[in-house]
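# Summary of structural features
The chain contents come next:
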Amino acid sequence: MKNYQLGEFEEIVLLTVGILNNEAYSVAIKDEIESRLTRTVSMGALHTALLRLEEKGYLKSFSGESTEDRAGRPRRYFEITALGKKAMLYAKETREQLWKAIPKAVLEYQLTIGN
Amino acid sequence: MKTEKPYPPKLALRFFRWYCSPKLQDYIEGDLMEVYERRKAKGGKFKADIRFAIDVFLLFRPRIIRPVEGYQNLNAYGMYKSYFKIGWRNLLRNKGYSTINIGGLAVGMAIAILIGLWVWDEFNYNNYHKNYNRLAQVMQHQTVDGKVMTGHAIPRPLESAMRNTYADDFERLSMATWPADHILSVGEHSISQSGNFVQVDFPEMISLEMISGSPTGLKDPASIMLSASVAVALFGTTDVMNKSLRIGNQHDVKVTGIYHDIPANSTFSNLKFLSSWELIAASEDWIRYAENKWDFNSFQLIAQLAPQADMNHVSEKINQVRAIHSKNNYFKPEIFLHPMADWHLRSHWENGIKTGGQIEMVLMFGIIGIFVLLLACINFMNLTTARAEKRAKEVGIRMTIGSARGQLINQFLSETFLMVLFAFVFAVAIVVAAMPWFNQLASKQIEIEWTNPLFWIIGSGFVLITSFASGFYPAFMLSSFKPVKILKGVFKADGKASLPRKVLVVVQFTVSITLVIGTLVIYNQIQYSKNRPIGYDRDGLISFFVKSPDFIGKYEALRLALKNTGAVVEIGTSTTPLTQIWNNSGGYSWPGKDPTLQSTDFGIIDINHEFGKTLNWKILEGRDFSHDFPSDSLAVILNEASVKFMNVENPVGLEITNGETKYHVIGVVEDMIMESPYLPVRHNMYFLDGHYRYVNWINMKLNPDRSTSESLAAIESVFKSFAPSLPFDYKFVDTEYARKFSNEELVGKLAYVFSGLATLISCLGLIGLASFVAEQHTKEIAIRKVLGASLLQLWSLLSSSFVGLILLSGLVAAPLAYYLMSQWLANYQYHEEISWLSILWVIVGALILTIFTVSYQAIRAAVMNPVNSLRSE
């Protein structure tokens, strides 16, 4: 099985791009993450993550229209590639496997504590 | 863009624009603006400004910051990529031409690399010894009859004089005899190995690498140090410390050290064992006799200078050491030091002056190597420029689009670089494949030092220089075309443009023809000296070197036993081998001797009665030694050279005196060549050794009616019955004699190979050029053909210009080769003058070769259907 490199923040960005479907560009992704996960996302962190994901081949980008509120600068839209989808699925499956492997007792105990 | 909208803080924005990678700048700036607008609307300008600055600061990350190199470099890289791509496509499009071009260059380079490795090896001769720079052979000049003779042999008392008087100048000194084959035996098992007898410091002087034991192992005279190979040959292992063995069936010694064999490119590589000088100095009468004799030049002295001493200075200092001590200063002896660095390359003396030696051969081949490489480069240049016209349109278009001249030069240089790189890879492959063969040819053990950085530095320098040298001319010529003319189609290489190409062809063939003539002269010289009459019959003659006292008193019995087998016709003994003269002796006088003659040194050979019969020598006057004349014990036989030297009319019956002893000449024998086949025969005297007192060599004439192998087996069994433990190692006289030519034959073989390849390279160039010329003239030929020209006319039209060029090269090469080879031949006193006829033949040969090479292309062009030629394009 191929090893898919995917960091925690990268995974969140990738998932968010999926959520936004065809509307995924930097500011929208930032807003989406901030609203859903109640955490602030710095522009720098987001852009580097996007660049890294693109380098890994999980995302591809294309230039969009330029708008007034962007002082005439174009948007850059992102899309998940087939490889990106595989990486997401792989991350999900490995998580699930790990979850399944945890003995029930541990989980119950933690749940009680949590409650 | 709306101007009324207030802008974010300028400083932060400028900072952002400065560091941001140009690829990302627009997008990220857009994001920043969008967020800024939103924040300003929500929380006011000040808050938005601060957040903006923070964002800009947080964006300052490796992936977002612009790469260090600007975009300019990236473009140039692309340009080079394109150069190589176009170059590669050009290679593939003209496969035949590329093969000729790269192949020719690769062969030339391979030769240059081989020669380079050989030269390197020659210059590194003796470098194995760590004291390389401080070792010297103590030698001497002596003046005899106005001529300065230089020799390695020195008298024995010189050692103590040097040790005492000049103790500060030398760190170590060692006397030695001469390396020779000796018999080493362990019980009944014995082998013959070359070695020497030296003093205790010698192993350290030559930095022997010990496997076991100490380098000072020769302290006890009854000791021996063995090389690993000898230890294995004798005992089957190198773990042989303290074992005992016998040398020459005389000296019992103990093994006190084992050393790694000395590599082939050392003067000492033949020292397979070392034993103690004191051991033989005590046991050999003649060495004991020499102890205080200042006029007995028979030994070697090797010296290691003290660290602070200067070689030349010390050499001058010791100049008169023998002259001071010796009572008899008849020959003006001058002692000097011959540094190890010069042993291999510069050890010829002429009248007391060092005149070079092997270095001349090294330089000669170095020059040949450079010339062959030059030939290959010329070829390359020639073919590339010839192809240039084909690519004129490409150049024109490139220029119109905006290529600067420098860029075009770059393009063509990088194209040549690509080809040269290929050629280099091929050349290295050729060298690797040819190495074993080359080593055998040059009797060397050269290896390519892959791990030596110097090899790679020289290799890459080689590629760069070659690609520049061969790419330089085409690059500058192509780029000097006028684009307008090219594109209009009026561009045509006129007579002037082809001039340099013609010059190059002439240079190329001049070198080739010179090399071929040189090879021919060398071969002629070898053949000529081989055919020199040697004065005796060497067929079926074998010699056995007596290295132990086993046969003393038994020679006559041995002779009869050998004759009884029927394998041997006759047995003659002698003090020297038949291919050398070991003994010189002076002090003779005779009636009518020129009183001003200083030196009466004759080559002295002591022989038994049957020596002459064995060799089948030719008595010219008088008679051979005979058992019928008991007075023959004081008889002498002269050779022709002696008669001439002594300047006597009727030599037979002449009385020759040496001190108290009177000898009478009984015969004159035809000159026999025992030494160099290139020198006049020395004046020799043959004395009778009827009682076998000085036998060193047993010479046997095999029965011609028997098979050699049978005879040898029979002889061996007789030898074994006399000396069971002695190995029977015999030498065929004709092979020994042939070894005198080995150096010349090596030169001949190398010259043969190199001139052959040089000619091949030149012909490859010619093929390329001829095919190109034929292609250029396709239309012309077609029109001529339509107008009625015959095949012969067309063929001569295409070939004649080449024939003229080759004739011109011949005219240049002939006197050049004649001059150079006369210089070479001057080294040999016995030589034949160069015949102009053979030079003429070489030139004729070159012409025929040229016509053959060119004709194929010319005829192919001439038989083409004119319709096709005219319709194309």
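A brief look at the structure comes next. These numbers come from a predicted model, not from an experiment. (Residues numbered from 1 in each chain as written. Chains lettered and ligands numbered in written order. Predicted model: local features only at pLDDT ≥ 70, side-chain atom pairs only at ≥ 80, totals over all residues.)

### Quick word on the overall build of chain A
Summing up its helical and strand segments, chain A has five helices and two strands in all. The order of helices and strands in chain A, counted from the N terminus, is α-α-α-β-β-α-α. For 115 residues, the compact-globule estimate of 2.2 N^0.38 gives 13 Å, and the C-alpha radius of gyration of chain A, at 17 Å, exceeds that figure by more than 25%. Along the first, second and third principal axes, the C-alpha atoms of chain A reach 60 × 35 × 20 Å. A separation threshold of at least 6 residues defines the contact pool for chain A, and within that pool the share at least 24 residues apart is 48%. (Helix = DSSP H or I, 4+ residues; strand = E, 2+ residues; numbered from the N terminus. Rg over C-alpha atoms; globule rule 2.2 N^0.38 Å. Contact = placed C-beta atoms within 7 Å.)

### Notes on helix α27 (residues 791-825) of chain B
All names here are of chain B. The end-to-end C-alpha distance of α27 is 47 Å, a good match for the 51 Å that 35 residues give at a rise of 1.5 Å each. When the local axis directions of α27 are compared, the greatest deviation, roughly 40 degrees, occurs at serine 799. Along α27, the residues classified as buried are Leu794, Leu798, Ser799, Phe802, Leu805, Ile806, Ser809, Gly810, Ala813, Ala817 and Met821. (Expected span 1.5 Å × (residues − 1). Bend = angle between axes of the 7 residues up to and from the residue. Buried ≥ 20, exposed ≤ 12 C-beta atoms within 10 Å, placed from the backbone.)

### Let's talk about the nonpolar core
Residue and element names in this part refer to chain B. Judged by nonpolar contacts, the single largest core of 99 residues is most densely connected at Val138, Leu301, Ala303 and Val636. Summarising the domain contributions, this core has at least three residues from each of domain 2 (135-186 + 194-209 + 264-343) and domain 4 (548-725). Every residue in contact with leucine 301, bar those within four places of it in the chain, is listed here: Val138, Ile154, Leu158, Glu159, Leu173 and Met175. Membership of the second largest hydrophobic core comes to 83 residues, among which are Leu114, Ile513, Leu520 and Leu798. (Core = buried A, V, L, I, M, F, W, Y, C linked by C-beta atoms within 7 Å. Domains from an automatic or database assignment.)

### Regarding the environment of aspartate 168 of chain B
Looking at the secondary structure, you find aspartate 168 of chain B in the loop between α6 (158-165) and β3 (170-176). In this structure aspartate 168 of chain B comes out as exposed when scored by C-beta crowding, with 10 C-beta atoms within 10 Å.

### Points about the interface of chain B and chain A
Each side of the interface is counted separately: chain B has 18 residues, and chain A has 16 residues. Every element with two or more residues in the side of chain B that touches chain A is listed here: α2 (22-43) and α3 (45-58) of chain B. Per element, the largest residue contribution to the side of chain B that touches chain A is eleven residues, and it comes from α2 of chain B. Of the residues that constitute the side of chain B that touches chain A, the class distribution is nine nonpolar, one polar and eight charged. (Nonpolar A, V, L, I, M, F, W, Y, C, P; charged D, E, K, R; others polar.)

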